[in-house]
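# Chain and residue survey
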Amino acid sequence: MGNYFYCSFSSCNGQLSGVGSLARVCSCLSHCSATKVSLTSPLSLLLDLLPPGVCNLLNPAAIYANNEISLGDVEIYGFDYDYTLAQYSNLLHSMIFNTARDILIEQFKYPEGLAKYDYIPGFAIRGLHYDVQKSLLMKIDAFHYVQLGTAYRGLKPVPDEEVIELYGGTQHIPLYQMSDFYGKGPSLKQFMDIFSLPEMTLLSSVIDYFITHGIEFDQVHLYKDISDAIRDVHVKGVMYKWIEKDMEQYILHGDEIYAVLNRLVNHKKKLFLITNSPFSFVDKGMKHMVGKNWRDLFDMVIVQADKPNFFTDRRKPFRKLDDNGSLQWDKINQLEKGKIYKEGNLFDFLRLTGWRGSKVLYFGDHLYSDLADLMLRHGWRTGAIVPELETEIRIINTEQYMHSLTWQQALTGLLERMQMYQDAESKQVLLEWMKERQEIRSLTKNLFNPQFGSIFRTFHNPTYFSRRLVRFSDIYMASISCLLNYDVNFTFYPRRTPLQHEAPLWMDQLCTGCMKTPFLEEMVHIR
C-alpha cells in the first residue's frame, strides 16, 4: 500500500493516495476550498480557523470547578483574611521590597549600592521554584521539568544549554530535590504566597548586584538573609501600619466583601475566620470593608492561628482575647459567637464545633498553608482565591492570544501528521514549521509575563502551581466577590475536557476550522 494522508478539507474528498512528499501535501492543502489560502499565510488562515465570537467568551468574574460541588450542601463558610477577604493593591509589593532591601543594607550590612534597585512590577509570578544552591529562579511544570527560557539567575535569563548542564543533561528535577508537601524541598523552595512576589524580586536584584560587581557570595546565607528581611517586614508589623494608615489605597473590593458575607448570613449560613494576622489589624480592615459590627456576621474568629501548623499540630490550645485584644488566662471549653480567639488547633476546633466534612467550605489564597490539609486530611471543601486569574483571562480573551494559540495548534497538528515525510524538500518545510511554532509559543508566553509566562501553563503542560491548584481546591476564582454571581444553591460542574486518548477528534476540529466552545457562551452574561 502507498502512503495515505486523510484530508478533512472539502475539495480533497477525504483520502489522498500515493502522496510522495510533504510538499505535494502542502500543495493540496493550499488549494483546498475550505482554506482558500496558502499555508504560508497564517493570518488569512486564522480567519477561517476562528469562528465569529470565539474571543471574549471567558469571564474573569466566573468561578471554575475542579470538582463537582453544590453550594446547597454547604452549611458553614470559612475564610482566610489576607488576599482572601482583604485583597491588596500592587503598591504594597513596592513597600515590602523597599523596606526589606533597607533592612539588608542597614541591619545585615549588605552593600549600599543595593539602594539603587527598585521593585520591578511584573518581574516574577507566583508558583516559581528557587534552587538555593544554583541561585536559579525558574518555572517548573507538572511533570517536574524546567520550562526552558524561564530560568533566571539574578535579573538575567540563563541559556537553555547551561540549565540542562546544571541538571545533569536534562530539564528534569528529581523528586527528592523537589518541594515537599508545603513547598519546601532540600534545595528547592516554591513561592506560593502572593506576598512572595517582592521576595523573589529582591532575591533576583541582590544576586544581580553581586554578579554585576563580581562579588562572591554564599547562596545559602543570601537566601536566608533575604527571607529573614522579608519576614521582619511582616513579623514586626511594619506592613500592618502601612495598610492601617491608608486603607483606601491598599484594600480593594471592600464593599463587595460586605455584600458576600451579608448574603450568606441572610441565607442562614454559619461563618468563621481563621487567619495568621493579629486581631488589631484584622479588626481595622474588617471595619473598613464591612462596618463596625463586622463580628456579628461571624460565628468564630481565630487570629494568629499559625497556619499551616494550626491544621496539623494538636498542642497549642485556644486563648481568648477581650474586646481590647488582651489575652485572657481561662481555659477554653467552648467557642462562643462574637468572641475572638488566638492560636489553637484544628482538632480542638472540630471537637468544640462539630463542623466536619463536606458541609464546610473554606477559602484561602495559599494552596499549601490554607487548603491542602483541609481537603486531604479532613474532607472539607476548599476554594482557592487566585487574583491573577482576572488578568490572565483578559489576556486569553484577546484576538492576539486566540490567533496565536490557534495557529500554534494548527502547526502542531501538521508537524505530527507530516513527520513521516523525510525527503530533503519535506524536511525543510518541517524545520520551518518547527521554527515558526517555537516563535509563536514564545510570543504567547510573553503576553502573560515576558520572563515566566502564565502561572497556569508552560508552553503546553500545566505548571506545578496548576497541579497543586487542581489537587487542593474544589473551586477557584479571582476574588471572593465572584460568589455574588451565583445562587447560594448553585452546583458547580467541572467541564469534561478530553484525555489524550480522547482528544484526536477534538483536535481535528480545532485545526480544521470547526472549533467548538461548548458551555462557554452562557458565561458571557455574568456581570
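Residues numbered from 1 in each chain as written. Predicted model: local features only at pLDDT ≥ 70, side-chain atom pairs only at ≥ 80, totals over all residues. Heavy atoms only, no water.

Note the following rule: UniProt positions are given in the numbering used here, feature names are shortened, and annotations may be inferred rather than shown by experiment.
Looking at an unreviewed UniProt entry, one finds the chain named 5'-nucleotidase domain containing 2 and attributed to Amazona collaria. We quote the UniProt Sequence similarities (unreviewed entry) comment for the chain here in full: "Belongs to the 5'(3')-deoxyribonucleotidase family."

## Considering the overall build of the chain
Put simply, the test is: A run of DSSP states H or I qualifies as a helix once it reaches four residues; a run of E qualifies as a strand once it reaches two. Both are numbered from the N-terminal end. Working definition: with a 1.4 Å probe on protein chains only, accessible area under 20% of the residue-type maximum means buried, over 50% means exposed, and in between means partly exposed. Note on definitions: a residue-residue contact is assigned when non-hydrogen atoms from the two residues lie within 4.5 Å. Here the accessible surface of atoms and residues is derived via Shrake-Rupley with a 1.4 Å probe, and residues count as covered only by protein chains that are part of the display.
Each helix and strand in the chain was counted, giving 18 helices and 20 strands. A burial count over the chain gives 53% of its 527 residues as buried. Long-range pairs, those at least 24 residues apart, make up 73% of the contacts in the chain between residues at least 6 apart in sequence. Looking at the chain as shown, the accessible area adds up to about 24800 Å², and 51% of this sits on carbon and sulfur atoms.

## Description of the packing of aromatic side chains
Ring pairs (aromatic) are described by centroid distance and by the angle formed between their planes. In plain terms, the rule: Between rings of Phe, Tyr and Trp, where Trp is taken as its six-membered ring, a pair exists when centres lie within 6.5 Å; planes separated by under 30 degrees are stacked, by over 60 edge-to-face, and by other angles tilted.
For the coordinates displayed, the defined rule picks out 35 aromatic pairs. Pairing W294 with F298 gives two aromatic rings, centres 5.8 Å apart and planes at 75°, and the pair type is edge-to-face. Its relative accessible area of 1% is what places F298 among the buried residues. Ring centres of F456 and F465 lie 6.2 Å apart, and the angle between their planes is 70°; this geometry places the pair in the edge-to-face category. For the pair F456 and F465, one class covers both residues: buried. Every member of this aromatic cluster is reached through a ring pair, and the members are F272, F310, F311, F318, Y341, F349, W355, Y362 and W380.

## Quick notes on the sheet that holds strand β7 (residues 129–131)
Quick reminder of the rule: In this description, strands pair whenever DSSP reports at least two bridges between them.
The strand order β10-β9-β8-β7-β11 describes an open sheet built from five strands, whose pairing is antiparallel. Each end of this open sheet is capped by a strand with a single partner; those strands are β10 (156–157) and β11 (188–190).

## Regarding the confidence of the model for the chain
We apply this condition: Per-residue confidence from the predictor is reported as pLDDT, which spans 0 to 100.
Mean pLDDT over the chain stands at 86; residues scoring 70 or higher make up 83%. Across residues 1–25 the pLDDT falls below 50, and counting only partners more than four positions away or on other chains, this stretch makes 57 contacts in the model. When the criterion is pLDDT under 50, residues 507–520 qualifies, and its contacts beyond four places in sequence or with other chains add up to 26 contacts.

## Brief notes about the nonpolar core
Soluble globular proteins tend to bury their nonpolar side chains together. Worth spelling out the cut-off: Nine residue types can take part in a nonpolar core, namely buried Ala, Val, Leu, Ile, Met, Phe, Trp, Tyr and Cys, and a core is a set of them joined through side-chain atoms within 4.5 Å.
If you look at the biggest cluster of nonpolar residues, it comprises 135 residues, and the most contacted ones within it are F79, F298 and F349. Residues within four places of F298 in sequence aside, it is in contact with F79, L85, L261, L271, F272, L273, M286, K337 and G338. Grouped together as the second largest cluster of nonpolar side chains are eleven residues, A410, L414, Y421 and I440 included.

## Observations regarding the UniProt feature "binding site: GMP" (unreviewed entry) in the chain
Let me state the cut-off plainly: Think of a polar contact as two N or O atoms within 3.5 Å of one another; within protein, one of them needs to be a possible hydrogen donor and the other a possible acceptor, and neighboring residues in sequence only count if both atoms come from side chains.
Look at the UniProt record and you will see "binding site: GMP" (unreviewed entry) annotated at D82. Here D82 is to be found in the loop between β5 (76–79) and β6 (87–88). Beyond its immediate sequence surroundings of up to four residues, D82 is in contact with Y88, F195, T275, S277, F281 and D365. At 2.5 Å, the side chain of D82 and the side chain of Y88 are in polar contact.

## Notes on the UniProt feature "binding site: Mg(2+)" (unreviewed entry) in the chain
Taking the numbering used here, the UniProt-annotated feature "binding site: Mg(2+)" (unreviewed entry) corresponds to D80 and D365. A maximum C-alpha distance of 7.7 Å among these annotated residues, which run over 286 residues, shows that they cluster at one spot. Among all residues touching D80, those that are not within four sequence positions of it are L85, L273, I274, T275, K307, Y362, F363, G364, D365 and D370. A distance of 2.8 Å separates the side chain of D80 from the side chain of K307, its partner in a polar contact. Locating D365 in the fold gives a position in the loop between β17 (360–364) and α13 (367–378). The class for D365 is buried, based on a relative accessible area of 5%. Discounting residues that sit within four places of it in the chain, D365 has contacts with D80, D82, Y83, T84, R126, D193, I194, D370 and I385.

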